[in-house]
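So the chains spell out like this:
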Amino acid sequence: MLKCQRDKAAELAEEWICMTSPDGFTFLVKGKVAIVSGTLKNSLTSGLGESQTKLIDMTERGAVVDKLVEFLAHKSIYDKKGATDVPDFTERIAPEIALELLMAADYYEGESSSGISKHKKADVSPSVTFTS
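The structure presented is a predicted model; accordingly, all values stated were derived computationally and were not measured.

**Section: helix α5 (residues 62-78)**
Next up, step 1: The terminal C-alpha atoms of α5 lie 24 Å apart, and with 17 residues this matches the ideal 24 Å at 1.5 Å per residue to within 8%.
Next up, step 2: When α5 is considered as a whole, its buried residues turn out to be G62, V64, V65, K67, L68, V69, F71, L72, H74 and K75.
Next up, step 3: Residues of α5 that are buried in the fold lie against β1 (16-20), β2 (26-30), α2 (31-34), α3 (38-45) and α6 (98-107).

**Comments concerning the nonpolar core**
Next up, step 1: Ranked by size, the top nonpolar core spans 26 residues in total, and within it I17, M19, V29, I56 and M58 carry the most contacts.
Next up, step 2: Within the residue set of this core, elements represented by two or more residues are α1 (2-13), β1, β2, α2, α3, α5 and α6.
Next up, step 3: Here the element with the most residues in this core is α5; it accounts for six residues.
Next up, step 4: Residues in contact with M19, not counting those within four places in the same chain, are F25, T26, F27, V29, L40, I56, M58, V65 and V69.

**Overview of the packing of aromatic side chains**
Next up, step 1: This model, assessed by the stated rule, comprises two aromatic pairs.
Next up, step 2: For the pair Y107 and Y108, a centre-to-centre distance of 4.8 Å together with 90° between the ring planes defines the contact as edge-to-face.

**Quick notes on α6**
Next up, step 1: Those residues of α6 that sit buried are A98, L101, L102, A104 and A105. The buried residues of α6 occupy an angular sector of 165° when the element is viewed end-on, so they sit on one face. Exposed side chains of α6 directed beyond 90 degrees from the buried face belong to M103, D106 and Y107.

**What about the pairing of β1?**
Next up, step 1: As paired elements, β1 and β2 share five bridges and run antiparallel to each other. Bridge pairing in β2 places C18 opposite L28.
Next up, step 2: The pairing of β1 with strand β3 (residues 55-57) spans three bridges and is parallel. Across the sheet, residue M19 finds its bridge partner in β3, namely I56.

**Observations concerning the sheet that holds β1**
Next up, step 1: The strand order across the open sheet built from three strands is β2-β1-β3, with neighbouring strands paired in mixed fashion. Strand pairing shows two members of the sheet lacking a second neighbour, β2 and β3, which therefore form its edges. In this sheet, adjacent strand axes meet at a mean angle of 25° when their direction is disregarded.
Next up, step 2: Sheet strands in contact with α5 are β1 and β2, and its direction is about 10° off that of β2.

**Remarks on the packing of α5 against α6**
Next up, step 1: Orientation of α5 relative to α6, taken along the N-to-C sense of each, is 55°, at an axis distance of 10 Å. Looking at the two axes, α5 sits oblique to α6. The hand of the α5/α6 crossing is right-handed. Residues V64, K67 and L68 of α5 touch α6, and the partners they reach there are E100, L101, A104 and A105.
Next up, step 2: Split by residue class, the contact of α5 with α6 holds five nonpolar, no polar and two charged.

**A few points about the pattern of salt bridges**
Next up, step 1: On inspection of all chains with the given rule, the structure shows four salt bridges.
Next up, step 2: The partner of R61 in a salt bridge is E100, with the nearest N and O atoms 2.7 Å apart. Of this pair, R61 sits in the loop between β3 and α5 while E100 sits in helix α6, placing them 39 residues apart in sequence.
Next up, step 3: A residue is classified by how much of its surface remains accessible, and R61, at 36% relative accessible area, is partly exposed.
Next up, step 4: Close ionic contact of K67 with E70 constitutes a salt bridge, the shortest N to O distance being 3.0 Å. Residue K67 and its partner E70 are both found in helix α5; the two are separated by three residues, about one turn of the helix.
Next up, step 5: Residue K67 is classed as buried on the basis of its relative accessible area, which comes to 14%.
Next up, step 6: Connected through shared salt-bridge partners, K67, E70 and R92 make up one network.

Calculation criteria
Residues numbered from 1 in each chain as written. Predicted model: local features only at pLDDT ≥ 70, side-chain atom pairs only at ≥ 80, totals over all residues. Heavy atoms only, no water. Helix = DSSP H or I, 4+ residues; strand = E, 2+ residues; numbered from the N terminus. Expected span 1.5 Å × (residues − 1). Buried < 20%, exposed > 50% of the residue type's maximum accessible area, 1.4 Å probe, protein only. Contact = heavy atoms within 4.5 Å. Core = buried A, V, L, I, M, F, W, Y, C linked by side-chain atoms within 4.5 Å. Phe/Tyr/Trp six-rings, centres within 6.5 Å; stacked < 30°, edge-to-face > 60°. Arc of directions from axis to C-beta. Pairing = 2+ DSSP bridges. Axes fitted to C-alpha atoms, helices over the stretch in contact; angles between N-to-C directions. Parallel < 35°, antiparallel > 145°, perpendicular 65-115°, else oblique. Left-handed = near helix turned anticlockwise from the far one by under 90°. Nonpolar A, V, L, I, M, F, W, Y, C, P; charged D, E, K, R; others polar. Salt bridge = Lys/Arg side-chain N within 4 Å of Asp/Glu carboxyl O.

And the structure:
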């Protein structure tokens, strides 16, 4: 089974995946970028609907999916053994979407040594002050 799943992942790396947000934005993502996410990799290699159509309906709004795709691309480039001088991705995150992106990264298993989920929540949370 493990060999079969590796073969599917290798084939998938060269294909294009279509990710659609509920607010109507569509993102074409190279398979090798999408499979960086454990959740997306499992759904694309499972033999179910997404694995056949290569269409994924995301639950997050377009701005979050856009940054999630950017993060997955960043991770696929820089998260290799021995990678040095990895740019800090948190500098690219707008405070307005930080919390949603953190939750999406957690759900899509997007943790990285240079990425979102590994940082403290205070590092990526929007700076909002509530007063009464």
